[in-house]
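Structure at a glance
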Amino acid sequence: MKIIIAKNYQSMSRKAADLIIRQIQMKKNSVLGLATGNTPLGMYKNLVRACKKGEVSFKKTTAFNLDEYAGLSENSKNSYHYYMRENLFKHIDIDKKNIFILNGAAKNLKKECENFEKMIKERKGIDLQILGIGLNDHIGFNEPGSSFKSKTRPVNLTTATRKANRKYFSGINEVPKKALTMGLATIMRAKKIILLASGKEKAEIIAKALKGKIKPTVPASILQKHPDVTVILDKEAAGIILLPKLVK
Ligand code: PGA
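Conventions adopted
Residues numbered from 1 in each chain as written. Predicted model: local features only at pLDDT ≥ 70, side-chain atom pairs only at ≥ 80, totals over all residues. Heavy atoms only, no water. Axes fitted to C-alpha atoms, helices over the stretch in contact; angles between N-to-C directions. Helix = DSSP H or I, 4+ residues; strand = E, 2+ residues; numbered from the N terminus. Parallel < 35°, antiparallel > 145°, perpendicular 65-115°, else oblique. Contact = heavy atoms within 4.5 Å. Nonpolar A, V, L, I, M, F, W, Y, C, P; charged D, E, K, R; others polar. Pairing = 2+ DSSP bridges. Near = heavy atom within 4 Å. Polar contact = N/O pair within 3.5 Å; in protein donor to acceptor, adjacent residues only side chain to side chain. Areas by Shrake-Rupley, 256 points an atom, 1.4 Å probe, with all protein chains shown as cover. 1 Å grid on protein atoms, 1.4 Å probe; cavity = no way out; pocket = protein on both sides within 12 Å on 5 of 7 lines; lining within 4 Å. Sits in = over half its atoms within 2 Å of the grid points.

1. Quick look at the packing of helix 2 (residues 41-52) against helix 3 (residues 80-87)
Between helix 2 and helix 3, the shortest axis-to-axis distance is 10 Å and the interhelical angle comes to 40°. By the angle class used here, helix 2 and helix 3 are oblique. Within the contact between the two elements, helix 2 uses L41, Y44 and V48 and helix 3 uses Y83, M84 and N87. Grouping the amino acids of the contact of helix 2 with helix 3 by side-chain chemistry returns five nonpolar, one polar and no charged.

2. A short note on the sheet that holds strand 8 (residues 178-181)
The three strands lie next to each other as 4-8-7, forming an open sheet whose pairing is antiparallel. With partners counted over all chains shown, the strands left at the sheet margins are strand 4 (67-69) and strand 7 (153-156), one partner each. Averaged over all pairs of adjacent strands, the angle between their axes in this sheet comes to 30°, without regard to strand direction. As paired elements, strand 7 and strand 8 share four bridges and run antiparallel to each other. From the neighbouring strand, P154 faces strand 8, where its bridge partner is L180. Here helix 4 (residues 109-122) sits on the sheet and contacts strand 7 and strand 8; the angle it forms with strand 7, its principal contact strand, is near 125°.

3. Here we look at the site of the ligand
As a structural note, the neighbourhood of the ligand is formed by G37, N38, T39, I133, G134, H138, Y168 and K202. Interatomic distance of 2.4 Å between a side-chain N/O atom of T39 and an oxygen atom of the ligand. A distance of 2.7 Å separates an oxygen atom of the ligand from a polar atom in the side chain of K202. Surface burial for the ligand is 79%, taken as the share of its 280 Å² of free accessible area covered by protein chains. In this structure, the ligand is accommodated by the largest pocket. Of the residues that constitute the shell around the ligand, the class distribution is two nonpolar, five polar and one charged.

Rendered as structure tokens:
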């Protein structure tokens, strides 16, 4: 695991975008795994800028998204479809047919997830997966206790996650109780992974995930077993791992 400590959020975002651009320059038809949340917003801005300047083209690139709320339509402002469209896809030259986001409004959610796994396999797997990390250590919507063998599936969201995401909704009751997410085994099959974290509120969970015991109650700890993970942190998120005595 390679850990890069950036001086601030902007620098973390630039470094992450540069790694994606390098991946696409190396392999035009790269298959990316993308994430939502606050953390990757700066990275997406850098990608949009680079694409507009002609430094990178996403024409042959495929994108799979990590997760989506159940019950929200593509046009709901809180859906991850909407987030991806507004923050990335509508600004770059990616071909719509190469965008795969789980449909949270599908009638049969289990089938939707099975089909998503099939599509990833058909595209020969994800080359580079971007991840954020939740305050409860989730990656995607794999909440604490998720099986390390889990595949893409419908899940129940924890109260902690619903509370953390309440700020995007008009009230806690509006936050969906269910979601669809790539599984931990699905994420681990990506050839390369970039994990991003910013801010001091992530410092403790980052230390637990990267330096603590590998166990399902700390879902991101599974990343310690992956052969090609780059973690990009700003100084605040790296605060605890930089201390001489690490948390166990
Ligand atoms: P954040 O969310 O980037 O908004 O902190 C990360 C996550 O919950 O996975």
